[in-house]
Amino acid sequence: MYDMYNKLQNAELNDLILKYSNQETLLEHIDKLITTQKKEIKNHKDEFDRLNVIIDLIPNTISWVNRDMTYFGVNKALADTCGMTPSEFTGKKIGFHTQEKFFADFVTDLFATQLNTIYREMTVHIGDSTHSYLVSGTKLDDQNRAVVIGVDITELTLLKGHVSFTEKLATLGEMFAGIIHDINNPLMMIEGTVARIKKKIENEEVHDLLDKIDMSSKKISKIVQGIKIYIRNDGSVPFQNEVLGSILDDALIICENKLKSKEVKLSFDKRIQSLKINCNFTQIFQVFVNLISNSVDAIGDFNSKWIDIKLLSDEGEFIKIQFQDSGDGIPLEHQNKIFNAFYSTKERGVGSGLGLALCTKILEAHGGKLSLDNSQSHTTFILEFKK
């Protein structure tokens with residue numbers, strides 16, 4: 001840029017020397033010319049600084065690359081993603097910051113093609129994180145340099161996977177609905193048959209066996225009912241007064257096997273049994289199922305494994321429930337993220353990262369709230385239900 005101004009100044013100076021013979025007049029014009037050029041240089045510098053600020057505020061990664069496969073500049077977003085400073089990229093080989101060669105291959109293809117701009121989607125490992133990018137590369141006018149822009153689509157990729165998974169679950173839900181209907185019919189027949197046999201046979205030993213059959217049948221009925229509630233999609237059903245204890249009982253039926261398999265002891269305050277709230281039964285049922293399931297996953301390998309659900313307050317407009325497990329609490333670095341969709345502190349493959357986010361949205365839709373209580377030594381959440 002400054003070479004251009006020097007050439008301009010020399011050309012204009014030659015014209016002035018030819019035009020003006022008077023030295024004083026010539027010096028005045030030279031002084032004006034220099035003042036004008038300084039103003040223009042300052043304006044261009046100010047504009048350049050403003051452009052740099054804007055580029056650094058852009059969340060997308062931007063890099064400027066040479067045909068010799070080196071960087072001659074990057075923006076703050078790319079540097080921050082790699083835990084480096086922009087100056088540390090200058091002169092380095094393209095893609096040095098990743099475990100793969102995708103960026104290097106992309107730039108090679110960009111300079112090799114006759115097209116001015118190319119696009120590609122890629123997934124790369126940067127440090128300990130995996131990122132998915134939609135990348136565009138455009139050659140600059142001299143064809144020896146290019147600008148590469150990456151849009152981070154990691155969350156979008158996860159969402160696409162979740163949508164696909166949700167569609168499969170919806171199909172399974174429809175299948176289960178039919179299976180449950182088929183199960184209910186023979187269960188009703190078993191219960192009815194047991195009652196008729198009891199009337200016809202007066203034998204205590206036979207009655208004891210029939211009672212066991214009847215209890216088993218009723219337990220299967222409860223499990224089936226719980227599954228039916230869980231897979232039912234009735235978000236449009238108007239709120240009704242429901243017994244909180246009944247909702248919790250049904251949630252425990254669904255979670256019973258998971259609790260037993262991990263040997264987690266669950267206890268809850270009997271005062272909860274008779275409390276009533278204005279709600280959508282299925283959605284509050286899902287809140288309890290998600291919280292219990294999350295806790296079991298979190299403490300499943302602990303020596304001490306317990307969940308305690310306690311009534312804190314039944315006064316005023318809200319019912320406050322404390323949901324606590326034997327975990328050691330949520331680490332500070334995760335506390336602001338655990339209620340976000342797709343965020344999970346569990347190992348890959350355990351959970352979807354949607355449990356707490358879904359519980360939060362459900363309770364907020366009911367005029368309530370889900371919050372983390374940091375004052376306790378064990379992992380503790382507070383549920384607030386509007387009466």
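Note that the coordinates shown come from a computational prediction; the quantities given were computed from them, not determined experimentally.

Under the defined criterion, the tally for this structure stands at 5 aromatic pairs. Ring centres of Tyr71 and Phe89 lie 5.4 Å apart, and the angle between their planes is 85°; this geometry places the pair in the edge-to-face category. In this pair, Tyr71 is assigned in strand S2 (residues 71-74) and Phe89 in the loop between helix H3 (76-81) and helix H4 (102-112), connecting sequence segments 18 residues apart. In terms of burial, Tyr71 and Phe89 fall into one category: buried. It is Lys92 that lies over the ring of Phe96; its NZ or CZ is 5.0 Å from the centre. Above the face of the Phe268 ring, Lys270 is positioned so that its terminal group lies 4.6 Å from the ring centre.

Glancing now at the confidence of the model for the protein chain. Detailed reading of the predicted coordinates is not advisable wherever pLDDT falls low. Of the residues in the protein chain, 73% reach a pLDDT of 70 or more, and the chain-wide mean stands at 78. With pLDDT under 50 throughout, residues 348-353 is counted as low confidence; its partners more than four residues away or in other chains account for 9 contacts.

Turning our attention to the packing of helix H7 (residues 244-261) against helix H8 (residues 281-299). The N-to-C vectors of H7 and H8 enclose an angle of 35°; their axes lie 9 Å apart at closest approach. Seen along the crossing, H7 lies across H8 with a hand that is right-handed. Residues Leu244, Ser246, Ile247, Leu248, Asp250, Ala251, Leu252, Ile254, Cys255, Lys258 and Leu259 of H7 form the contact with H8, whose participating residues are Phe281, Ile284, Phe285, Phe288, Val289, Ile292, Ser293, Val296 and Asp297. Residues that form the contact of H7 with H8 fall into these classes: 15 nonpolar, 2 polar and 3 charged.

Before going further, it helps to spend a moment on the sheet that holds strand S1 (residues 61-66). What the 5 strands build is an open sheet, ordered S2-S1-S5-S4-S3; its pairing is antiparallel. Of all strands in the sheet, those bounded by a partner on one side alone are S2 and strand S3 (117-126). In this sheet, adjacent strand axes meet at a mean angle of 25° when their direction is disregarded. Two strands pair when backbone bridges link them, and S1 and strand S5 (residues 145-152) are joined in this way by 6 bridges, in the antiparallel orientation.

In terms of burial, S1 is a largely internal element, 5 of the 6 residues being buried. Sheet analysis places S1 next to S2, joined by 3 bridges and oriented antiparallel. Across the sheet, residue Val65 finds its bridge partner in S2, namely Tyr71. Hairpin connection between S1 and S2: a loop of 4 residues separates the two successive antiparallel strands, and Met69 in this loop has a positive phi of roughly 70°.

Rules and cut-offs
- Residues numbered from 1 in each chain as written.
- Predicted model: local features only at pLDDT ≥ 70, side-chain atom pairs only at ≥ 80, totals over all residues.
- Heavy atoms only, no water.
- Phe/Tyr/Trp six-rings, centres within 6.5 Å; stacked < 30°, edge-to-face > 60°.
- Helix = DSSP H or I, 4+ residues; strand = E, 2+ residues; numbered from the N terminus.
- Buried < 20%, exposed > 50% of the residue type's maximum accessible area, 1.4 Å probe, protein only.
- Lys NZ or Arg CZ within 6 Å of the ring centre and 35° of its normal.
- pLDDT = per-residue confidence, 0-100.
- Contact = heavy atoms within 4.5 Å.
- Axes fitted to C-alpha atoms, helices over the stretch in contact; angles between N-to-C directions.
- Left-handed = near helix turned anticlockwise from the far one by under 90°.
- Nonpolar A, V, L, I, M, F, W, Y, C, P; charged D, E, K, R; others polar.
- Pairing = 2+ DSSP bridges.

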